[in-house]
Amino acid sequence: MISHLAISDQVKKDVLAVYGLIAAAESEVHGKPVDQVHFHEVGALDAVADIVGVCLLMEELAPDRILSSPIHVGSGACILRPRDSTGSRPRHGQHFCAASPTYGGAIKGELCTPTGAALIKHFASKFGVMPVMRVAQIGYGLGTKDFKAANCMRALLGENDSNGDEIVELCCNLDDMTPEAIGFAQERLFEAGALDVYTTAIGMKKNRPAVVLTCMCSHEHQDAVVQMIFRHTTTLGVREYVCRRYTLARSERVIETAYGPARIKEASGWGVKREKPEYEDIAKIALDQNCSLAEAADLINAK
């Protein structure tokens, strides 16, 4: 059923992974191989719609990570089913939450279904309290049963400071190097792990035109970059500045066009989202089609 749905391969993979968790639980409680498991209510069409719908939304939201609070499973009497052929009584749902933090509380009733438990187990990378974050959107799902507390599930989409970090800015003044030698040094600095290297025109003593060579790198690559600066430039000293920076989360996807594959670079965070084609791919299309870069970009965007 799932293989014939008009959904992406990633959504199909997620859906099958969730059903794989359910099948493993059914296999364990019934003492049967996975390929002999029969899905009960989770195999009904409404459950399929629930699981596929969640996986579709996860693909659309594309969060960097998913966190969950401990699972509130509810409480009450445990109704045991008749023993099966292996002599054990099926207890659906326990397997899903075995590796996840849970709690019961005073509410009598089931608050987490096997479908919900499997979805949380598949998507959540960590359980705990809500982290400090800037909330952008909030979604609520309300159940039909009346409890003493609100029968509600809440999902929050936001950002924290995980996209902020520290970098080192290394600078030196150069007034006795040729442009070719500076360009060669810049290439070596990138090889040493520099995040960015650039020059700024300045005027120095004795009225000499010169440049400031600036190199940004992580703490991890700092020593290697300093060594390359001294090795490939004429400077006698390097200045160091430690900077706090904020970045957008970056990713890349490949699209197929009539002119060949093209990489699309995406950036998001801090309330913005933008994308643009990779320059090298646009340039190749422009050369192949004998058109300008702007026209090549329009050809990609039209697809």
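This text gives an overview of the structure that appears in the document. (Residues numbered from 1 in each chain as written. Predicted model: local features only at pLDDT ≥ 70, side-chain atom pairs only at ≥ 80, totals over all residues. Heavy atoms only, no water.)

1. Observations concerning helix α6 (residues 279–289)
Stage number 1. The complete set of buried residues in α6 reads D281, I282, A283, I285 and A286.
Stage number 2. Just past α6, the residue N290 takes up positive phi, approximately 55°. (Buried < 20%, exposed > 50% of the residue type's maximum accessible area, 1.4 Å probe, protein only. Helix = DSSP H or I, 4+ residues; strand = E, 2+ residues; numbered from the N terminus.)

2. So, the packing of helix α1 (residues 9–30) against helix α2 (residues 45–61)
Stage number 1. Interhelical geometry of α1 versus α2 gives an angle of 130° and a closest axis separation of 9 Å. In this view, α1 runs oblique relative to α2, as classed from their interaxial angle. Along this stretch, α1 crosses α2, giving a crossing that reads as right-handed. Listed contacts from α2 to Q10, V11, D14, V15, V18, Y19 and I22 of α1 are A47, V48, I51, V52, C55, L56 and E59.
Stage number 2. Across the contact of α1 with α2, the residue classes break down as eleven nonpolar, one polar and two charged. (Axes fitted to C-alpha atoms, helices over the stretch in contact; angles between N-to-C directions. Parallel < 35°, antiparallel > 145°, perpendicular 65-115°, else oblique. Left-handed = near helix turned anticlockwise from the far one by under 90°. Contact = heavy atoms within 4.5 Å. Nonpolar A, V, L, I, M, F, W, Y, C, P; charged D, E, K, R; others polar.)

3. Topic: the pattern of salt bridges
When charged atoms on two side chains of opposite charge get close, those side chains can pair.
Stage number 1. Counting across every chain of the model gives nine salt bridges.
Stage number 2. In this structure, the salt-bridge partner of E191 is R188, at a minimum N-O distance of 2.8 Å. One end of the pair, E191, and the other, R188, are both in helix α4 (residues 179–191), three residues apart, so they sit about a helical turn from each other.
Stage number 3. We classify R188 as buried; its relative accessible area is 15%.
Stage number 4. As a salt-bridge pair, D281 and R263 come within 3.0 Å of each other at their nearest N and O atoms. (Salt bridge = Lys/Arg side-chain N within 4 Å of Asp/Glu carboxyl O.)

4. Overview of the nonpolar core
Stage number 1. Counting residues in hydrophobic clusters, the biggest one holds 17 residues, and the most contacted among them are L170, L174, L189, V197, L213, V225 and I229.
Stage number 2. Contributions of two or more residues to this core are made by β9 (164–174), α4, β11 (208–217) and α5 (222–232).
Stage number 3. Among all residues touching I229, those that are not within four sequence positions of it are L170, C172, L189, T235 and V238. (Core = buried A, V, L, I, M, F, W, Y, C linked by side-chain atoms within 4.5 Å.)

5. Side note on helix α7 (residues 293–301)
Stage number 1. Regarding α7, the residues found buried are A296, A297 and I300. Along the long axis of α7, the arc covered by the buried residues comes to 100°, so they all point the same way. Exposed side chains of α7 directed beyond 90 degrees from the buried face belong to A294 and N301.
Stage number 2. Structurally, α7 contributes buried residues whose contacts are with β13 (249–257), β14 (260–269), β15 (272–277) and α6. (Arc of directions from axis to C-beta.)

6. Some remarks on unusual backbone geometry
Stage number 1. Phi is positive for A62, which is not a glycine, with a value near 50°.
Stage number 2. Tracing the backbone shows A62 in the loop between α2 and β1 (67–68).
Stage number 3. Positive phi outside glycine occurs at N290, with the angle close to 55°.
Stage number 4. By secondary structure assignment, the location of N290 is in the loop between α6 and α7.

7. Comments concerning the sheet that holds β14
Stage number 1. A sheet is described by the order of its strands in space; here three strands give the open sequence β13-β14-β15, paired in antiparallel fashion. Looking along the sheet, the strands with just one partner apiece sit at the ends: β13 and β15. Each neighbouring strand pair of the sheet contributes to a mean axis angle of 25°, computed without reference to strand direction.
Stage number 2. Relative to β14, β13 is paired through nine bridges, and the arrangement is antiparallel. Each residue of the ladder has a partner; that of I255, found in β14, is A262. (Pairing = 2+ DSSP bridges.)

8. Here we look at a nonpolar patch on the surface
Stage number 1. On the surface, M130, V135, I138 and Y140 cluster together into a nonpolar patch covering about 410 Å² of accessible area.
Stage number 2. Following the sequence through the fold, I138 ends up in strand β7 (residues 134–142). (Patch = residues over 30% accessible without salt bridge, like charges linked within 9 Å, V, L, I, M, F, W, Y side chains within 5 Å. Areas by Shrake-Rupley, 256 points an atom, 1.4 Å probe, with all protein chains shown as cover.)

9. Quick look at the pairing of β11
Within a regular beta strand, the side chains point alternately toward one face of the sheet and then the other, so they alternate between its two faces.
Stage number 1. The element β11 is extensively covered by neighbouring structure, given that eight of its ten residues are classed as buried.
Stage number 2. Pairing of strand β10 (residues 196–204) with β11, which is carried by nine bridges, proceeds in the antiparallel orientation. Counterpart to I202 in the pairing with β11 is A210.
Stage number 3. Between β10 and β11, which pair antiparallel in sequence order, lie three residues; one of them, K206, sits at a positive phi of approximately 60°.

That's the geometry; what it means functionally is another story.
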